[in-house]
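Breakdown of the fold
Chain by chain, the residues:
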Amino acid sequence: MKTPASLLTLIDEGVIDEVMRPLKSGKEAAVYVVRCGDDVRCAKVYKDMAQRSFQKRVQYQEGRKSRGSREARAVATGSRYGRRQQEAEWKNAEVDALYQLREAGVRVPEPYGFFHGVLVMELVTDADGYSAPRLGEVELGEEQAREFHAALVRDVVRMLCCGLIHGDLSAYNVLVAPDGPVVIDFPQVVSAGGNNAARTMLLRDVNNLTATLGRWAPELLDTWYGEEMWALFELGELRPDTELTGRFTFDARTIDLDGVRDAINDARELALIRQQGRDEQDED
């Protein structure tokens, strides 16, 4: 295993003591299991901006506030400094979100600090101490699926009350710990009040979860939690402890109700098909 230079720096500075093994690698970052004294944690190493494209990020970053007027102007002009600033904001968004959401009671990994572009945080494990599986990798009973759905919908509500939307929530951004689901991966977190696509992203997040958990509890497929919570959010009436029903009445005078239902059901079916495809690949 080749240890990234950024992790060697953390060892030299005493932030971590040992890099034990790689955990996963994705388009945005690579995650390693590390030892900090007697504690085993994970370190998320963000990849350089040269390895990635900003094109897909534009929609997610709309509404985010730059840390100063100079930075905002640089990002707007697309200068080299602006691109570096945009990269820093992309990384800092996840760190800031984790601290904020932990404080709000959302079940996310506990952050321990951000050093030289590396996020050190809690390693979520299963009952045997191994790295926790993703929601898309486990089989659930009907009642457990309902419990997970309720817990995740509650966490989405808490996020929304913080003014945040995950933006890429699916069965592959949720870990299954002994005490329930844990939401991960927040670099694309969306501003609920400042992003024109916020409602669309919220509904997609909730629909992805519903499509996954509806495999074991089919009655969930006939719920509308995303629409219900967004309507309350727009009215300023959504609270972290708001009791949702999953029922929502569309305004048939202004909305093509059949079209809305078809579009949402299509999204749920597509999410299910994609998940089944991943399951088949894993079996191969």
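What you see is a predicted model, and the numbers here were worked out from it, not measured in a lab. (Residues numbered from 1 in each chain as written. Predicted model: local features only at pLDDT ≥ 70, side-chain atom pairs only at ≥ 80, totals over all residues. Heavy atoms only, no water.)

Along the chain, the position of Arg-41 falls in strand E3 (residues 39–46). A polar contact of 3.4 Å, which involves the side chain of Arg-41, links it to the side chain of Asp-39. Not counting residues within four places of it along the chain, the set of residues in contact with Arg-41 comprises Tyr-32, Val-33, Val-34, Cys-36, Tyr-112, Val-120, Met-121 and Leu-123. (Helix = DSSP H or I, 4+ residues; strand = E, 2+ residues; numbered from the N terminus. Polar contact = N/O pair within 3.5 Å; in protein donor to acceptor, adjacent residues only side chain to side chain. Contact = heavy atoms within 4.5 Å.)

As a further point, take empty space enclosed by the protein. Within the structure shown, the criterion is met by one cavity of 30 Å³ or more. Put simply, the largest cavity is a space of about 50 Å³. The element contributing the most residues to the lining of the largest cavity is helix H5 (residues 142–161), with three residues. Counted by class, the lining of the largest cavity contains seven nonpolar, one polar and one charged residues. (1 Å grid on protein atoms, 1.4 Å probe; cavity = no way out; pocket = protein on both sides within 12 Å on 5 of 7 lines; lining within 4 Å. Points joined across faces, edges and corners; volume = space filled by probe spheres on them. Nonpolar A, V, L, I, M, F, W, Y, C, P; charged D, E, K, R; others polar.)

Across all of its chains, the model carries 14 salt bridges by this definition. Here Asp-185 makes a salt bridge to Lys-24, at a shortest N to O gap of 3.3 Å. One end of the pair, Asp-185, is in the loop between strand E8 (180–183) and strand E9 (190–191); the other, Lys-24, is in strand E1 (residues 18–25), with 161 residues separating them in the sequence. Here Asp-185 falls in the buried class, since its relative accessible area comes to 18%. A salt bridge links Asp-185 to Lys-44, with the nearest nitrogen and oxygen atoms 3.1 Å apart. Of the two residues, Asp-185 sits in the loop between E8 and E9 while Lys-44 sits in strand E3, which places them 141 residues apart along the sequence. For the residue pair Asp-185 and Lys-44, the accessibility class agrees, reading buried in each case. (Salt bridge = Lys/Arg side-chain N within 4 Å of Asp/Glu carboxyl O. Buried < 20%, exposed > 50% of the residue type's maximum accessible area, 1.4 Å probe, protein only.)

The next thing to look at is H5. With 20 residues, H5 extends 29 Å from end C-alpha to end C-alpha; this agrees with the ideal 28 Å at 1.5 Å per step. The set of residues buried in H5 consists of Ala-145, Phe-148, His-149, Leu-152, Val-153, Arg-154, Asp-155, Val-156, Val-157, Met-159 and Leu-160. Following H5 by one or two positions, Gly-163 adopts a phi angle in the positive range, close to 80 degrees. (Expected span 1.5 Å × (residues − 1).)

This part takes up the packing of H5 against helix H6 (residues 198–213). Closest axis-to-axis distance for the H5/H6 pair is 10 Å, and the angle between their directions is 170 degrees. Between H5 and H6, the angle is such that the two are roughly antiparallel. Packed against H5, whose contacting residues are Ala-145, Phe-148, His-149, Leu-152, Val-156 and Leu-160, the element H6 presents Leu-202, Val-206, Leu-209, Thr-210 and Leu-213 at the interface. Looking at the contact of H5 with H6 residue by residue, the class counts come to nine nonpolar, two polar and no charged. (Axes fitted to C-alpha atoms, helices over the stretch in contact; angles between N-to-C directions. Parallel < 35°, antiparallel > 145°, perpendicular 65-115°, else oblique.)

What follows concerns the packing of aromatic side chains. Summed over the entire model, instances satisfying the criterion amount to two aromatic pairs. Considering the side-chain rings of Tyr-46 and Phe-114, the 6.2 Å spacing of their centres and the 80 degrees angle between planes classify their relative orientation as edge-to-face. With Tyr-46 in strand E3 and Phe-114 in strand E4 (residues 111–115), this pair connects stretches of sequence that are 68 residues apart. Classification of Phe-114 as partly exposed rests on a relative accessible area of 28%. Ring geometry for Trp-230 against Phe-233: centres 5.1 Å apart, planes inclined by 40 degrees, an arrangement best described as tilted. Highlighted residues: Trp-230 and Phe-233, both in helix H7 (residues 225–234), separated by three residues, approximately one helical turn. Its relative accessible area of 7% is what places Trp-230 among the buried residues. For Phe-233, a relative accessible area of 25% translates into the label partly exposed. Positioned above the aromatic ring of Tyr-112, the side-chain terminus of Arg-41 is 3.7 Å from the ring centre. (Phe/Tyr/Trp six-rings, centres within 6.5 Å; stacked < 30°, edge-to-face > 60°. Lys NZ or Arg CZ within 6 Å of the ring centre and 35° of its normal.)

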